[in-house]
Amino acid sequence: DSYRTHPHRPRALRQLMRKVKESPTPVVNNGPQRKWMQLRCGNAPLRRVAWYDNCPDSALDKLLRTACRIGIETEYLLCEKGGLPLAVSSSLPTAQTYELVPTVRRASALEVAKAAEAGLSVPGADAVVVVDPVSTGAVVAHQAVHRMGLQVICVWSESIPEELKGFVAHGMGISHAGVLSHEVGEVAKTAAAVRAIGANVVACIVGCETGVSLGDALAEALQLPGNGTLKSGLRRNKYAQAEAVRSAGLEAPFQMQVDSIEGVEAFLAAWSPSPYRAVVKPVEGAGSDGVSICDSRDGVVAAYRALEGTKNVLGLTNYSVLLQEYLAGDEYVVDTVSRDGVHKCVALWKYDK
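We now turn to the structure provided with this report. (Residues numbered from 1 in each chain as written. Predicted model: local features only at pLDDT ≥ 70, side-chain atom pairs only at ≥ 80, totals over all residues. Heavy atoms only, no water.)

## A word on the overall build of the protein chain
1) Next: Within the protein chain, the regular secondary structure consists of nine helices and 15 strands.
2) Next: Evaluated residue by residue, the protein chain yields a buried proportion of 33% over its 353 residues.
3) Next: In the protein chain, once contacts between residues fewer than 6 apart in sequence are set aside, the share between residues at least 24 apart is 56%.
4) Next: About 21900 Å² of surface is accessible on the protein chain, with carbon and sulfur atoms providing 54% of the total. (Helix = DSSP H or I, 4+ residues; strand = E, 2+ residues; numbered from the N terminus. Buried < 20%, exposed > 50% of the residue type's maximum accessible area, 1.4 Å probe, protein only. Contact = heavy atoms within 4.5 Å. Areas by Shrake-Rupley, 256 points an atom, 1.4 Å probe, with all protein chains shown as cover.)

## Quick word on the pairing of strand β1 (residues 34-40)
1) Next: Only one face of β1 is covered, namely the one carrying K35, M37 and L39; the face carrying R34, W36, Q38 and R40 has none of its residues buried.
2) Next: Joining the antiparallel neighbours β1 and strand β2 (residues 47-52) is a turn of six residues, in which G42 adopts a positive phi near 60°.
3) Next: In terms of strand pairing, β1 meets strand β5 (residues 96-103) through four bridges, oriented parallel. Within β5, the residue paired with Q38 across the bridge is T97. (Pairing = 2+ DSSP bridges.)

## A short note on the sheet that holds strand β7 (residues 151-156)
1) Next: Spatially, β8-β7-β6-β9 is the arrangement adopted by the four strands of the open sheet, whose pairing is parallel. Both edges of this open sheet fall to β8 (178-181) and β9 (200-206), since each of them pairs with a single strand only. Direction aside, neighbouring strands of the sheet carry axes that sit 20° apart on average.
2) Next: Where strand β6 (residues 126-131) meets β7, five bridges bridge the pair, whose relative direction is parallel. Along β7, the bridge assignment pairs A127 with Q151.
3) Next: The strands that helix α6 (residues 212-221) touches are β6, β7 and β9; relative to β9, the one it contacts most, it runs at about 155°. (Axes fitted to C-alpha atoms, helices over the stretch in contact; angles between N-to-C directions.)

## Thoughts on the packing of aromatic side chains
1) Next: If you walk through the whole model with that rule in mind, you get two aromatic pairs.
2) Next: Ring geometry for F254 against F267: centres 5.8 Å apart, planes inclined by 25°, an arrangement best described as stacked. Linking F254 in the loop between α7 (238-247) and β10 (255-258) with F267 in helix α8 (residues 261-270), this pair joins segments that are 13 residues apart in sequence.
3) Next: On the basis of relative accessibility, which here comes to 0%, the residue F267 falls in the buried class.
4) Next: F254 sits in the partly exposed class, given a relative accessible area of 27%.
5) Next: Counting every residue linked through ring pairs, the aromatic cluster contains F254, F267 and W271.
6) Next: Lying over the aromatic face of W36, R48 brings its terminal NZ or CZ to 3.6 Å of the ring centre.
7) Next: Sitting above the plane of the Y326 ring, R277 keeps its charged end 4.4 Å from the centroid. (Phe/Tyr/Trp six-rings, centres within 6.5 Å; stacked < 30°, edge-to-face > 60°. Lys NZ or Arg CZ within 6 Å of the ring centre and 35° of its normal.)

## Details of the packing of α8 against helix α9 (residues 297-307)
1) Next: At a minimum axis distance of 11 Å, the contact between α8 and α9 shows a crossing angle of 150°. Here α8 lies roughly antiparallel to α9, going by the angle between them. For the pair α8 and α9, the sense of crossing is right-handed. Residue-level inspection shows I261, V264 and L268 of α8 in contact with α9, the latter providing R297, V300, V301, Y304 and R305.
2) Next: For the contact of α8 with α9, a count of residues per class yields six nonpolar, no polar and two charged. (Parallel < 35°, antiparallel > 145°, perpendicular 65-115°, else oblique. Left-handed = near helix turned anticlockwise from the far one by under 90°. Nonpolar A, V, L, I, M, F, W, Y, C, P; charged D, E, K, R; others polar.)

## Some details on α8
1) Next: By the burial criterion, the buried members of α8 are G263, V264, F267 and L268. Projected down its long axis, α8 shows its buried positions confined to an angular sector of 140°, all on one face. Opposite the buried face of α8, by more than 90 degrees, sit the exposed residues E262 and A269.
2) Next: Those residues of α8 hidden inside the fold are in contact with β10, β11 (278-282), α9 and β13 (321-325). (Arc of directions from axis to C-beta.)

## Thoughts on helix α4 (residues 136-146)
1) Next: Residues G137, A138, A141, H142, A144 and V145 constitute the buried set of α4. For α4, the arc enclosing every buried residue in end-on projection is 155°, short of the 170-degree limit, so these residues lie on one face.

## Observations regarding the sheet that holds β10
1) Next: Strand order across the open sheet formed by four strands is β10-β13-β11-β12, with antiparallel pairing between neighbours. Edge positions in the sheet fall to β10 and β12 (292-294), since each of these pairs with one other strand and no more. Pairwise comparison of adjacent strand axes, ignoring direction, gives a mean angle of 20° for this sheet.
2) Next: As judged from the three bridges shared by β11 and β12, these two strands associate in the antiparallel manner. When the bridges of β12 are listed, A278 appears paired with C294.
3) Next: Packing against the sheet, α8 makes contact with β10, β11 and β13, and its axis sits at approximately 170° to β10.
4) Next: Contacting β10, β11, β12 and β13, α9 runs over the sheet at an angle of about 5° to β11.

## Things to note about unusual backbone geometry
1) Next: In this model, S274 is joined to P275 through a cis peptide bond whose omega is 0°.
2) Next: With respect to the helices, strands and loops of the structure, P275 is situated in the loop between α8 and β11.
3) Next: Of note in this structure, R69 is not a glycine but carries a positive phi near 55°.
4) Next: Structurally, R69 can be placed in the loop between α2 (57-68) and β3 (75-79).
5) Next: One non-glycine residue, S135, lies in positive phi territory at about 55°.
6) Next: Of note, S135 is situated in the loop between β6 and α4.

The analysis is restricted to geometry; functional conclusions fall outside its scope.
Have a look at this one:
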């Protein structure tokens, strides 16, 4: 005691000893600490679960799955407020609120391809809708399965002829996650049928010219990225395409869209180049199908009569015919892709005719 109160003892040491005396004596508890959390699972009411700090992580995982009725085959994330995922561990702090978010494992491209060959669907694989998957569209569908691991839902438009549905190159055939046939004016019904398949649809694309209009409308109905329906006509009607070019301030050919011989006569009266050359073609054709280059006025009339009321290569009725000025010179094709205001040129072609 005399040593503790000795006047020459350093003041700092006396202050330190005073603080030690005033601090509470810690309670040593060598037993497991009981913890609890509130757990949110979707729209269900909050659940409260408790565990002991030194329990195995696997036991806590089983407790969380049981509380939220999550099967062992389903993966999940345990997230704190703000959505930050946490590791499932007994060392988590007590008296916190967490959210358990089930996740779906994305199937690999190999799994999807094998399932497609067997005619099976794959839980956990995203899907793409392809409208009229024929010709190059069949190749796109095949690549979606075998390269990207996507399931493909086939939607046949009302415009595609039955004989064109089998236009698929050898080796490009696949089994679809669903096959639907669209009825005229029933876009909402077709969209509902796509949703009923139960796949996570991430895109709706067009496989053939016949499906352009439906592709626009279906993507819009499914609330997927697409061209929209406001200008769908411009993507099929060749007359409207040229007029859109003209309205943008660019040069475009002289043209008329006609549905009668009187319309043909009006074109002939308005267009008389020398030497004479004019183009006659379906207003909603594809490629060079039904296209005639005429060297005389009589040739224009004959070409019109040959097209009037017939069906083109796509099975569409030629309800009207496009008469155009002949443009001499080289012909180029520019392929572009646009998304969210970003435009990219993907290919340039020069025709060799």
